[in-house]
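If you want the building blocks of each chain, they are given just below.
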Number of protein chains: 2
Amino acid sequence: MPKPADAVASTAASRTPALTDDLSFLLARANAISLAAGNAALAEHGLKARSYSVLLLTTDDARPSQREIAEFLRLDPSQVVSLVDDLQSRGLVERRTDPADRRANVVVATDAGRRLAAAARETARSAEEHVHGQLTREERQRLTELLRVLAFPER
Amino acid sequence: MPKPADAVASTAASRTPALTDDLSFLLARANAISLAAGNAALAEHGLKARSYSVLLLTTDDARPSQREIAEFLRLDPSQVVSLVDDLQSRGLVERRTDPADRRANVVVATDAGRRLAAAARETARSAEEHVHGQLTREERQRLTELLRVLAFPER
DNA sequence: TATTGTTATACTCTATAACTATA
DNA sequence: TATAGTTATAGAGTATAACAATA
């Protein structure tokens, strides 16, 4: 007859590596929590994590094309089409054909887009503060550095 | 007239914190890469990250119910239904009504399920090795600890 | 020929509500 | 009344292929 205490001990100690030790699983679960919190917070601006990211990129001096946005966010170019469609219909961004390559659309934020991006960034920041608040500033910094290696691997 | 060199310098240095410094964004991008690699690797066993995670949990001594699986994987209970349906139809897991609470289904792996889980775990391990290979063993260990805090926050 | 953006389509995933059986 | 599992459904996200304009 199995003893409950032993069963618990074996699950806690002598087991083969479980999901709670699995980097990929922890990445998935942490991301799910972070994404849900971000989407909930950004909703007040009519944004989600995706559209927020696109909007933020369009406020950048780098002036990315749709293709560059797709690569950076790991989205299919066709998904960027509808994200930019939405932001453009709300007057937040504009498409400008790149004079240097007239196939490409450079996407730039309008003044209204920049204002919304700034407000949304504050919202996102305080939502992150809440989600990541269990970590010290140093731990967050370290985590950011480690994740950057995984997110942007050297070729 | 803007000088290109200055523009590049400003994007690299004096800019407001961009997405590459954003923990939530890095989490999302790293997870997307890890998930894509995991799904590709597990395909040879007819599994994806989701079904693999469910199968692995059913090999655990803890004998989780569908509701517990849903909570642990942050899935809706209805999603667990179809994941378990699939695994069960392939003879990899069984549903047993919990004698202590006859509403609940305890999901347990069959022998075939255990064998597949073991093989899939090896596949997953080597896929992870490839994805996370840019980090040293110590860095991976540190990253795992930090992510665990975000993935399982104290209440 | 190859690439950028676009459209269309199918598929998966996610979220929600309602139902049943048990508690 | 509340909970576990199930079913159904609608919406969001993902993946693919084909096309026009441009390189």
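All of the points below concern the structure found in this document. Quantities reported herein were computed from a predicted structural model and do not represent experimental measurements.

Topic: the protein's contact with DNA strand D
Okay, step 1: Taken together, 18 residues lie around DNA strand D, and R50(A), D76(A), Q66(B), R67(B) and R95(B) are the ones closest in.
Okay, step 2: A breakdown of the atoms of DNA strand D within 4 Å of the protein gives sugar and phosphate a share of 74%.
Okay, step 3: Contact between DNA strand D and Q66(B): a phosphate oxygen at 2.6 Å from a side-chain N or O atom of the residue.
Okay, step 4: Here a phosphate oxygen of DNA strand D and a side-chain polar atom of R95(B) are 2.9 Å apart.
Okay, step 5: When residues of the surface near DNA strand D are traced back to their parent elements, those giving at least two are α5 (77-89) of chain A together with α4 (66-73) and α5 (77-89) of chain B.

Examining the relation of the copies chain B and chain A
Okay, step 1: Of the two same-sequence chains, chain B is brought onto chain A (RMSD 0.0 Å, axial shift 0.0 Å) by a rotation of 180°. The symmetry that links the two subunits is that of a two-fold axis.
Okay, step 2: With an isologous cut-off of 70% or more, the 100% of interface residues of chain B that recur at the interface of chain A puts this contact in the isologous class.

Describing the environment of P153(A)
All names here are of chain A.
Okay, step 1: Position of P153 relative to the elements: it lies in the segment after α7 (137-151).
Okay, step 2: A residue is classified by how much of its surface remains accessible, and P153, at 31% relative accessible area, is partly exposed.
Okay, step 3: Here the alpha-carbon distance between P153 and V81, two residues 72 residues apart in the chain, equals 26 Å.

Structural notes on the interface of chain B and chain A
One widely used convention gives an interface's size as the accessible area the parts lose upon coming together.
Okay, step 1: At the junction of the two partners, chain B supplies 51 residues and chain A supplies 51 residues.
Okay, step 2: Across the chain B/chain A interface, buried area totals approximately 5200 Å², and carbon plus sulfur atoms make up 65% of it.
Okay, step 3: The tally of links from chain B across to chain A stands at two salt bridges.
Okay, step 4: Here D21(B) makes a salt bridge to R148(A), at a shortest N to O gap of 3.1 Å.
Okay, step 5: At the junction of chain B and chain A, the tally comes to 16 residue pairs in polar contact (both at pLDDT 80 or more).
Okay, step 6: The leading source of residues in the side of chain B that touches chain A is helix α2 (residues 23-42) of chain B, at twelve residues.
Okay, step 7: Of the residues that constitute the side of chain B that touches chain A, the class distribution is 25 nonpolar, eleven polar and 15 charged.

A word on the side chain of T110(B)
Residues and elements named next belong to chain B.
Okay, step 1: For T110, the location among the structural elements is in the loop between β2 (105-109) and α6 (111-131).
Okay, step 2: Judged by its relative accessible area of 15%, T110 is buried.
Okay, step 3: Looking at T110, its side chain comes within polar contact range of the main-chain oxygen of G91, at 2.7 Å.
Okay, step 4: Setting aside its immediate chain neighbours within four residues, T110 contacts G91, L92, V93 and E94.

Quick word on the pairing of β2(B)
Residue and element names in this part refer to chain B.
Okay, step 1: Of all the five residues making up β2, four are buried; the element is thus mostly covered by neighbouring parts of the structure.
Okay, step 2: As paired strands, strand β1 (residues 93-97) and β2 are joined by five bridges and run antiparallel to one another. Across the sheet, residue V93 finds its bridge partner in β2, namely A109.

Brief notes about the environment of T123(B)
Residues and elements named next belong to chain B.
Okay, step 1: Tracing the sequence through the fold places T123 in helix α6.
Okay, step 2: The spatial distance from the C-alpha of T123 to the C-alpha of E68 is 26 Å, given a sequence separation of 55 residues.
Okay, step 3: Residues contacting T123, with those up to four places away along its chain left out, are A41, L42, E44 and H45.

About the criteria used
- Residues numbered from 1 in each chain as written.
- Chains lettered and ligands numbered in written order.
- Predicted model: local features only at pLDDT ≥ 70, side-chain atom pairs only at ≥ 80, totals over all residues.
- Heavy atoms only, no water.
- Near = heavy atom within 4 Å.
- Polar contact = N/O pair within 3.5 Å; in protein donor to acceptor, adjacent residues only side chain to side chain.
- Helix = DSSP H or I, 4+ residues; strand = E, 2+ residues; numbered from the N terminus.
- Least-squares fit on C-alpha atoms with pLDDT ≥ 70 in both.
- Contact = heavy atoms within 4.5 Å.
- Buried < 20%, exposed > 50% of the residue type's maximum accessible area, 1.4 Å probe, protein only.
- Buried area = accessible area lost by both parts, 1.4 Å probe.
- Salt bridge = Lys/Arg side-chain N within 4 Å of Asp/Glu carboxyl O.
- Nonpolar A, V, L, I, M, F, W, Y, C, P; charged D, E, K, R; others polar.
- Pairing = 2+ DSSP bridges.

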